Each structure stands twice: as structure tokens, then as C-alpha cells.
Amino acid sequence: MKNHDFNPESLMMTYGYKPELSEGAIKCPIFQTSTFVFKTAEEGKAFFELAYGLREKSEKEELGLIYSRINNPNLEILENRLCLWDKADDCAVFESGMSAISTVLLEFLKPGDLLVYSNPLYGGTDHFIHHFLDKIGVHTIGVMPDDSIAKIEAMMNTSGKANRLAMIYLETPANPTNDIVDIEKFKELAVRYSTDDKKALVAVDNTYMGPLWQHPLQSGADLVLYSATKYIGGHSDLIAGAVLGNASLMLRVKTLRTFLGNMVSPHTAWLMLRSLETLKVRMDQQTQNAQIIAEYLEHHPKVEKVYYLGVLQEGTEAHDIYKKQCSAPGAMVSFDIIDGEKGAFTFLNNLSLIKLAVSLGSTESLAEHPKTMTHAGVDDTQRKQMNITDQLVRLSIGVEYVKDLIWDLKQALEKVEVITAAEAEII
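Residues numbered from 1 in each chain as written. Predicted model: local features only at pLDDT ≥ 70, side-chain atom pairs only at ≥ 80, totals over all residues. Heavy atoms only, no water.

(A) Molecular detail of the overall build of the protein chain. Of the regular secondary structure elements, the protein chain holds 17 helices and 12 strands. On C-alpha atoms alone, the protein chain measures out to a radius of gyration of 23 Å, which is about the 22 Å that the 2.2 N^0.38 rule sets for 427 residues. In terms of principal-axis extent, the alpha carbons of the protein chain reach across some 85 × 55 × 40 Å. Counting across all 427 residues of the protein chain, residues that qualify as buried make up 52%. Pairs at least 24 residues apart make up 73% of the contacts formed inside the protein chain by residues separated by at least 6 positions. (Helix = DSSP H or I, 4+ residues; strand = E, 2+ residues; numbered from the N terminus. Rg over C-alpha atoms; globule rule 2.2 N^0.38 Å. Buried < 20%, exposed > 50% of the residue type's maximum accessible area, 1.4 Å probe, protein only. Contact = heavy atoms within 4.5 Å.)

Here it is, written out as C-alpha cells:
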């Protein structure tokens with residue numbers, strides 16, 4: 001029989017799991033155990049030598065099971081399956097998206113280093129950069145989506161820290177505005193400021209696109225990060241994170257994870273294995289729904305502007321980047337509503353099917369107000385620069401029947417009052 005290259009969605013049910021090792025169970029059991037028994041003392045010695053990097057692996061040798069803080073069958077099978085989507089050498093799963101992000105930043109940045117990062121960022125990442133990295137002496141430069149590479153390079157040189165560039169951290173598309181940046185161009189910038197002694201890395205938070213609609217490693221990124229709570233988990237019933245990249249970088253990530261102890265639990269890993277089986281069908285439905293909803297909102301008189309990859313104007317730089325990097329426009333739709341915060345809150349308070357909650361990427365549709373919720377901790381001046389305003393509303397589109405979602409948006413928007421110019425002057 002000829003070998004056949006199966007697509008990832010076909011392998012999500014079986015890849016990396018051997019039923020004969022688990023009493024023939026068709027599905028992977030939960031390995032709810034803290035420690036594992038060695039066959040011999042010699043085997044235990046060999047496993048620890050690999051775990052602590054005391055020697056190189058021999059050909060076809062794998063790290064054996066030792067302790068669930070180091071490795072566990074549920075974690076290993078999950079990590080193997082996640083690698084298929086991004087074509088990565090290795091993957092590490094974490095107990096939250098922020099633990100994945102903070103572990104990467106702590107491992108690859110040290111006092112005196114320079115971090116260049118894109119804006120907007122998820123609020124937790126923004127807080128970690130501004131309120132923790134500065135405490136340990138890491139220098140940071142935030143750049144805006146419309147900043148040219150030449151401008152960014154000038155900012156780096158002006159800082160006097162360009163020769164200490166250690167990482168470029170991108171979130172693209174960005175939360176909550178869907179701003180998109182060119183990963184390849186930032187990779188070229190990182191290469192220009194790398195030396196034989198120090199390689200500047202490019203790390204990309206790909207949460208908004210999940211492992212389906214964009215593959216940053218294929219665009220030159222060194223590491224890709226996810227809040228696996230979102231599309232990977234997909235059911236609002238777990239918290240997790242993931243990091244993927246080449247073998248040498250992932251060895252460093254996994255080593256620090258071992259000693260920080262922030263790996264995901266076996267039960268959460270098992271839940272994500274179940275979720276991966278429906279990842280593609282869920283995400284396909286979500287982006288189909290989102291495209292219909294974005295078009296509806298674009299033509300609604302109480303919506304001033306829609307922020308969605310699917311409505312980018314052809315011929316613009318953003319559209320060109322989107323077509324180059326992404327296979328679909330995603331399922332996150334943000335928009336400016338009339339009447340500022342009052343209009344936004346009126347709309348949110350009158351939704352019925354769509355739930356008022358933070359998070360994203362789940363089967364149910366969610367709505368929130370970024371300025372006062374997910375991005376409340378971001379500096380107000382920065383929020384204005386990034387278009388995170390009183391009137392911005394963010395939607396995460398789920399798998400519901402799209403006509404029901406449109407009905408809910410329509411009736412909630414009807415509750416928002418239209419203020420005339422004369423009324424605005426009185427106010």
C-alpha cells in the first residue's frame with residue numbers, strides 16, 4: 001500500500017496514540033497520575049539523563065515517562081497533534097495562555113535586552129510587558145500597525161539598544177482591532193539585527209486565527225503562541241496555552257516549564273484532545289458565520305466602522321498582508337457603534353442569544369466592550385492610538401445558526417438611540 005499524507009483534521013482522532021498500550025481503548029484515557037514506574041533502575045537513570053540534558057538522545061530514543069510535571073501521556077499526545085497544524089518540531093502546552101506567554105518572554109529575555117512588540121496586544125500581555133519586564137531591566141519599544149519597518153528601525157537605533165534586540169513579539173491579527181502586520185518583514189528586521197552570538201527571535205501570538213487560518217512558522221516566525229482556551233479548547237470549559245517551534249527553542253521552553261511547574265493538567269489535556277477532533281468543523285462554521293455578520297454590520301446605519309479581515313479593501317497593504325498570510329478572515333468581528341459608551345452598553349445589555357462575556361473562540365457567540373473590560377488596564381493614551389474607544393464592541397462568533405445571530409444583533413441595535421446633531425449640541 002502506498003503511503004498517504006493525511007490532513008491534520010483526519011489525524012486528530014488517532015495520531016500519537018496506541019490503543020494496545022491502553023487495554024485497546026479507542027480513545028486515550030486520562031492518565032491521572034503524578035508519577036510513573038520504571039522497569040529497572042537503569043531505565044530510570046537513562047530517563048533522567050535525558051530530562052536534565054546530561055546527554056544527547058541516541059537515534060530513535062525518546063524521553064520516557066517520569067513524573068507528570070515533566071511529561072504525561074495526555075500532554076505528549078496533545079502536543080504531537082498540535083504540531084501537525086503548524087508543522088512544528090515540538091509543542092509545549094501550559095495551564096493558561098498567559099503562562100505560555102510569560103514563560104517564553106522569561107526564557108528568551110534578560111536584563112539589558114530589547115523587546116520590540118506590536119500594538120494592540122491582549123491586555124494581559126500588555127500588562128506583563130509594561131509592569132513586569134521593566135522591573136527586570138528589559139527595554140521595550142511598542143510599535144503601531146501603520147509604522148513602517150524603516151520607522152521601527154529608526155526607533156530602535158534612537159533608543160541606543162538596537163544591538164541588544166532579543167525578540168520581536170507580534171500579535172497578528174491584533175486583539176481587539178484585527179490590525180494585521182507582515183510577519184516576513186519583521187523576520188527580515190530580526191535577521192538584520194542578529195549576530196553569530198545572538199539571534200533575534202520572532203514570536204507570534206496566533207490566538208485570533210487559531211491553528212487553522214494562519215501559520216506564522218511558515219511565514220518566518222521562530223515561535224507561535226496560543227491561548228489554547230480559545231479555538232483549540234473551543235467550549236469555554238478549560239484554561240490552557242501552547243507554544244510551538246523548532247526543537248532547539250522548544251527544549252528551552254520545556255525546560256523552563258518543568259521548573260516553573262506551569263504545564264497543563266492531564267484532565268485538561270484530555271479535554272483538548274477531544275476538542276481537536278472537531279477543531280476544523282467548528283472553525284469553518286465560525287468563519288462562515290462571521291463573514292455574513294460582518295457584511296450585515298457594514299451596512300447597518302448604527303455601525304460606523306467594521307474591523308474584520310474579510311472587509312479589508314483590495315489594493316491596501318493590510319489586504320495584501322491578509323491574503324499572503326491567512327487562509328480565511330477568522331471569526332472575530334469588532335465594530336464602532338454610534339453614541340459612544342452609552343450606545344455600546346445599550347447594545348450589549350440587550351443581546352439575547354449572544355452572551356456578554358470576555359474570551360473568544362468558543363462554540364457560543366460572545367460580545368464585550370474592550371475599553372472597559374479586556375483592555376481596561378491599558379494606558380488611556382495608548383488605547384486612543386490603537387482605536388480602542390468608547391464605541392468599540394468586540395464579537396466572537398460561534399457556531400449558532402447565523403440567521404438567529406443576525407436577529408439578535410438586529411434587535412439589540414434597534415435599542416440604540418440615534419442622536420441628531422442638534423441633540424448632540426444640547427448634551
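Anyway, onward from the coordinates.
(B) The nonpolar core, seen in detail. Grouped together as the largest cluster of nonpolar side chains are 72 residues, with contacts concentrated most on Leu 82, Ile 293, Leu 297, Val 306, Phe 335, Phe 347 and Leu 395. With residues up to four places along the chain from it excluded, the contact list for Ile 293 reads Leu 395, Ile 397, Val 402, Leu 405, Ile 406 and Leu 409. In this structure, Val 104, Met 167, Leu 223 and Val 253 belong to the second largest nonpolar core, which totals 26 residues. (Core = buried A, V, L, I, M, F, W, Y, C linked by side-chain atoms within 4.5 Å.)

(C) Local environment of the packing of helix α3 (residues 73-86) against helix α11 (residues 266-276). At a minimum axis separation of 9 Å, α3 and α11 run at an interaxial angle of 35 degrees. Crossing geometry of α3 relative to α11 is assigned as left-handed. Side by side, α3 and α11 meet where Asn 74, Leu 75, Ile 77, Leu 78, Arg 81, Leu 82 and Trp 85 of the first sit next to Pro 266, Ala 269, Trp 270, Met 272, Leu 273 and Leu 276 of the second. (Axes fitted to C-alpha atoms, helices over the stretch in contact; angles between N-to-C directions. Left-handed = near helix turned anticlockwise from the far one by under 90°.)

(D) The sheet that holds strand β6 (residues 223-226), seen in detail. Judged by pairing direction, the sheet is mixed, and its seven strands sit side by side in the order β1-β7-β6-β5-β4-β2-β3 without closing on themselves. Every interior strand has two partners, whereas the edge strands, β1 (90-94) and β3 (139-143), have only one. Ignoring strand direction, the axes of neighbouring strands in this sheet form an average angle of 20 degrees. Of the pairings in the sheet, the one linking strand β5 (residues 201-205) to β6 comprises three bridges and is parallel in character. Among the inter-strand pairings, Ala 203 is bridged to a residue of β6, identified as Leu 223. Across the face of the sheet, helix α7 (residues 183-192) comes into contact with β3, β4 (165-171) and β5 while running at roughly 175 degrees to β4. Contacting β1, β5, β6 and β7 (241-245), helix α10 (residues 247-260) crosses the sheet at an angle of about 25 degrees to β1. (Pairing = 2+ DSSP bridges.)

(E) Highlighting the pairing of strand β9 (residues 332-337). Among the six residues in β9, six count as buried, and that is most of the element. Side chains of β9 alternate between two faces, with Met 332, Ser 334 and Asp 336 and Val 333, Phe 335 and Ile 337 buried alike. Pairing analysis gives four bridges linking strand β8 (residues 303-307) to β9, with the strands arranged antiparallel. Within the sheet, the bridge partner assigned to Val 303 lies in β9 and is Ile 337.

(F) The arrangement of a nonpolar patch on the surface in detail. On the surface, a nonpolar cluster with roughly 450 Å² of combined accessible area is contributed by Phe 48, Tyr 52, Leu 54 and Phe 259. Considering the arrangement of structural elements, one finds Tyr 52 in the loop between α2 (41-51) and α3. Tyr 52 gets classed as partly exposed once you look at its relative accessible area, which sits at 45%. (Patch = residues over 30% accessible without salt bridge, like charges linked within 9 Å, V, L, I, M, F, W, Y side chains within 5 Å. Areas by Shrake-Rupley, 256 points an atom, 1.4 Å probe, with all protein chains shown as cover. Salt bridge = Lys/Arg side-chain N within 4 Å of Asp/Glu carboxyl O.)

(G) Looking closely at α3. If you check α3, its first and last C-alpha atoms are 21 Å apart, about what 14 residues at 1.5 Å a residue would give, namely 20 Å. Pro 73, Asn 74, Leu 75, Ile 77, Leu 78, Glu 79, Arg 81, Leu 82, Cys 83, Trp 85 and Asp 86 are the residues of α3 that are buried. Once α3 finishes, Lys 87 follows within two positions and takes phi at roughly 55 degrees, a positive value. (Expected span 1.5 Å × (residues − 1).)

(H) How the structure looks around the environment of Ser 275. Note on placement: Ser 275 falls in helix α11. Between the C-alpha atoms of Ser 275 and Lys 230, which are 45 residues apart in sequence, the distance is 11 Å. The residues contacting Ser 275, other than those within four sequence positions of it, are Ile 232, Gly 233, His 235 and Arg 282.

(I) Looking closely at the pattern of salt bridges. Under the defined criterion, the tally for this structure stands at 25 salt bridges. Measuring nitrogen to oxygen at the nearest pair gives 3.6 Å for the salt bridge that ties Lys 198 to Asp 113. Here Lys 198, found in the loop between α7 and β5, pairs with Asp 113, found in the loop between α4 (97-108) and β2 (114-118); they are 85 residues apart in sequence, far enough to count as distant. For Lys 198, a relative accessible area of 22% translates into the label partly exposed. Relative accessible area serves as the criterion here: at 1%, Asp 113 is assigned to the buried category. It is possible to trace a salt-bridge network through shared partners that takes in Glu 79, Asp 90, Lys 254 and Arg 257.

(J) Examining the sheet that holds strand β10 (residues 355-356) more closely. What the five strands build is an open sheet, ordered β8-β9-β12-β11-β10; its pairing is mixed. For this open sheet the edge positions go to β8 and β10, each flanked by a neighbour on one side alone. By the bridge criterion, three bridges tie strand β11 (residues 366-368) to strand β12 (residues 392-396) in an arrangement that is antiparallel. Residue Ala 367 lies in a different strand from β12, and its bridge partner there is Leu 395.

(K) The pairing of β6, seen in detail. Of the two faces of β6, both are covered, the one formed by Leu 223 and Leu 225 as well as the one formed by Val 224 and Tyr 226. Of the strand pairs in this sheet, β6 and β7 are connected by four bridges, and their pairing is antiparallel. Note on β7: the bridge partner recorded for Leu 223 is Gly 245.

(L) How the structure looks around helix α16 (residues 402-414). For α16, with 13 residues, the first-to-last C-alpha span of 18 Å sits near the 18 Å given by 1.5 Å per residue. Restricting attention to buried positions, one finds in α16 the residues Val 402, Leu 405, Ile 406, Asp 408, Leu 409, Gln 411, Ala 412 and Leu 413.

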